[in-house]
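Observations on the three-dimensional arrangement
Listed below, chain by chain, are the residues.
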Amino acid sequence: MATRTITTKLALDGEAEYRASIKKINAELALHKSELEKVEAQYSASANSLEALQAKETALNGQQAALTRQYEAHSAMLERAENAQRLYSYQVEQSQRKLAGAQAKLEELRQSEGDTSKAQAKLTAEIEKHQKALDDASVKSEKATNSILYYQKRINYTERDIADLNEKLKNNAKYQEEAHRSTDGCATSIDRYGRSTKDAAGAVDVLSSALASAGITRGAKEIARALWNCVEASIGFESAVTGVYKTG
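This write-up is about the structure you can find in this document. (Residues numbered from 1 in each chain as written. Predicted model: local features only at pLDDT ≥ 70, side-chain atom pairs only at ≥ 80, totals over all residues. Heavy atoms only, no water.)

As a volume, the second largest pocket reaches approximately 220 Å³. The wall of the second largest pocket is formed by Asn26, Leu29, Ala30, Lys33, Leu36, Gln63, Leu67, Asp161, Asp164, Leu165 and Lys168. Examining the composition of the lining of the second largest pocket, we find that 5 residues originate from one element, helix α1 (residues 15-42), more than from any other. By residue class, the composition of the lining of the second largest pocket is 5 nonpolar, 2 polar and 4 charged. (1 Å grid on protein atoms, 1.4 Å probe; cavity = no way out; pocket = protein on both sides within 12 Å on 5 of 7 lines; lining within 4 Å. Points joined across faces, edges and corners; volume = space filled by probe spheres on them. Helix = DSSP H or I, 4+ residues; strand = E, 2+ residues; numbered from the N terminus. Nonpolar A, V, L, I, M, F, W, Y, C, P; charged D, E, K, R; others polar.)

For the rest of this paragraph, the subject is α1. The end-to-end C-alpha separation of α1 is 40 Å, in line with the 40 Å expected for 28 residues at 1.5 Å each. Along α1, the residues that are buried comprise Glu15, Tyr18, Ile22, Ile25, Leu29, His32, Leu36 and Val39. In this structure, the buried side of α1 is in contact with α2 (50-111) and α3 (117-181). (Expected span 1.5 Å × (residues − 1). Buried < 20%, exposed > 50% of the residue type's maximum accessible area, 1.4 Å probe, protein only. Contact = heavy atoms within 4.5 Å.)

What follows concerns the packing of aromatic side chains. Counted under the stated rule, the structure contains 2 aromatic pairs. Ring-pair connections join several aromatic residues into one group, and the members of that group are Tyr18, Tyr150 and Tyr151. In this structure, Lys9 packs its charged tip against the face of Tyr150, placed 4.8 Å from the ring centre. One cation-aromatic arrangement involves Arg154 over Tyr150; the distance from NZ or CZ to the ring centre is 5.1 Å. (Phe/Tyr/Trp six-rings, centres within 6.5 Å; stacked < 30°, edge-to-face > 60°. Lys NZ or Arg CZ within 6 Å of the ring centre and 35° of its normal.)

Moving on to the side chain of His130. Among the secondary structure elements, His130 is positioned in helix α3. Not counting residues within four places of it along the chain, the set of residues in contact with His130 comprises Ser95, Lys98, Leu99 and Ala102.

Attention shifts here to the packing of α1 against α2. Each pair of packed helices gets described by two things: the angle between the helix axes and the distance between those axes. At a minimum axis separation of 9 Å, α1 and α2 run at an interaxial angle of 165 degrees. Taken as axis vectors, α1 and α2 run roughly antiparallel relative to one another. The two elements α1 and α2 meet at a crossing, and its hand is left-handed. Each residue belonging to the contact of α1 with α2 can be placed in one class, and the counts come to 14 nonpolar, 6 polar and 6 charged. (Axes fitted to C-alpha atoms, helices over the stretch in contact; angles between N-to-C directions. Parallel < 35°, antiparallel > 145°, perpendicular 65-115°, else oblique. Left-handed = near helix turned anticlockwise from the far one by under 90°.)

Summarising the element assignment, Ser112 is placed in the loop between α2 and α3. With a relative accessible area of 33%, Ser112 lands in the partly exposed category. Within polar-contact distance, the side chain of Ser112 engages the backbone oxygen of Leu109 at 2.6 Å. (Polar contact = N/O pair within 3.5 Å; in protein donor to acceptor, adjacent residues only side chain to side chain.)

Attention now moves to the environment of Leu36. Relative to the elements of secondary structure, Leu36 occurs in helix α1. On the accessibility criterion, Leu36 (11% relative accessible area) is buried. For the pair Leu36 and Gln63, spaced 27 residues apart in sequence, the C-alpha separation works out to 9.5 Å.

Running from N to C, α2 and α3 point in directions that differ by 165 degrees, and their axes come no closer than 4 Å. With respect to each other, α2 and α3 are oriented roughly antiparallel. The crossing of α2 and α3 is left-handed. Partitioned by chemical class, the residues of the contact of α2 with α3 number 30 nonpolar, 27 polar and 12 charged.

It is worth spelling out the pattern of salt bridges at this point. On inspection of all chains with the given rule, the structure shows 7 salt bridges. A salt bridge links Asp161 to Arg160, with the nearest nitrogen and oxygen atoms 3.1 Å apart. Judged by its relative accessible area of 28%, Asp161 is partly exposed. According to the relative accessible area criterion, Arg160 is partly exposed, its value standing at 44%. Note that Arg195 is salt-bridged to Asp191, the shortest N-O span being 3.2 Å. A residue is classified by how much of its surface remains accessible, and Asp191, at 10% relative accessible area, is buried. Put simply, Lys9, Glu15 and Arg19 are held in one network by salt bridges that share partners. (Salt bridge = Lys/Arg side-chain N within 4 Å of Asp/Glu carboxyl O.)

Interpretation in functional terms is not warranted from these geometric data alone.
This is how it looks when you write it as structure tokens:
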């Protein structure tokens with residue numbers, strides 16, 4: 001007997017509304033992501049300024065609200081799929097019980113004496129009915145299971161995106177606090193391009209070590225810092241040019 005494979009999801013109540021909602025939410029997410037890209041382009045050389053950080057927070061908050069609604073939509077459908085799976089699993093059990101009972105009665109009639117053809121025909125029809133109910137319930141139960149897996153995967157992806165976003169909001173809040181405390185209104189943990197100053201300091205140290213290895217020891221730190229500043233200036237110019245192309 002060939003193995004039956006059910007790959008489709010179960011059609012659940014509210015699925016059309018769910019799809020329309022997800023389509024709208026995805027459009028909102030795309031909008032907020034484009035707003036974030038616009039902010040990053042506008043403040044490409046002053047990403048550590050309070051104004052840039054506040055603009056970034058607004059775009060991130062928009063994404064967070066949309067992702068929260070996305071999570072709620074996925075969760076509602078997961079709950080419906082789980083309820084459906086429980087219902088159809090129960091129907092499978094009931095159909096199996098009824099089928100087994102009818103088959104047992106038919107076997108008894110076959111072993112009995114006398115004319116039981118009419119009773120056997122009635123039981124045979126009943127068995128066919130129970131078998132059909134069992135097959136239908138089994139298919140729906142498998143489809144409901146596939147729906148559970150589908151919506152759970154969607155939830156997992158959304159939870160991942162929410163976790164990533166929360167980390168960005170947490171860091172952005174920290175940078176804003178630094179900008180509020182600073183005299184120039186700029187965060188101290190990141191440079192004007194939005195990179196960690198720890199990373200920049202590490203790059204200078206790497207350049208210093210490279211110069212020392214090449215035999216340049218006098219003023220190696222200053223030379224390395226000057227080289228890094230040139231790199232930063234180059235990156236700033238590239239970002240500015242990219243911004244021009246994006247707005248062109």
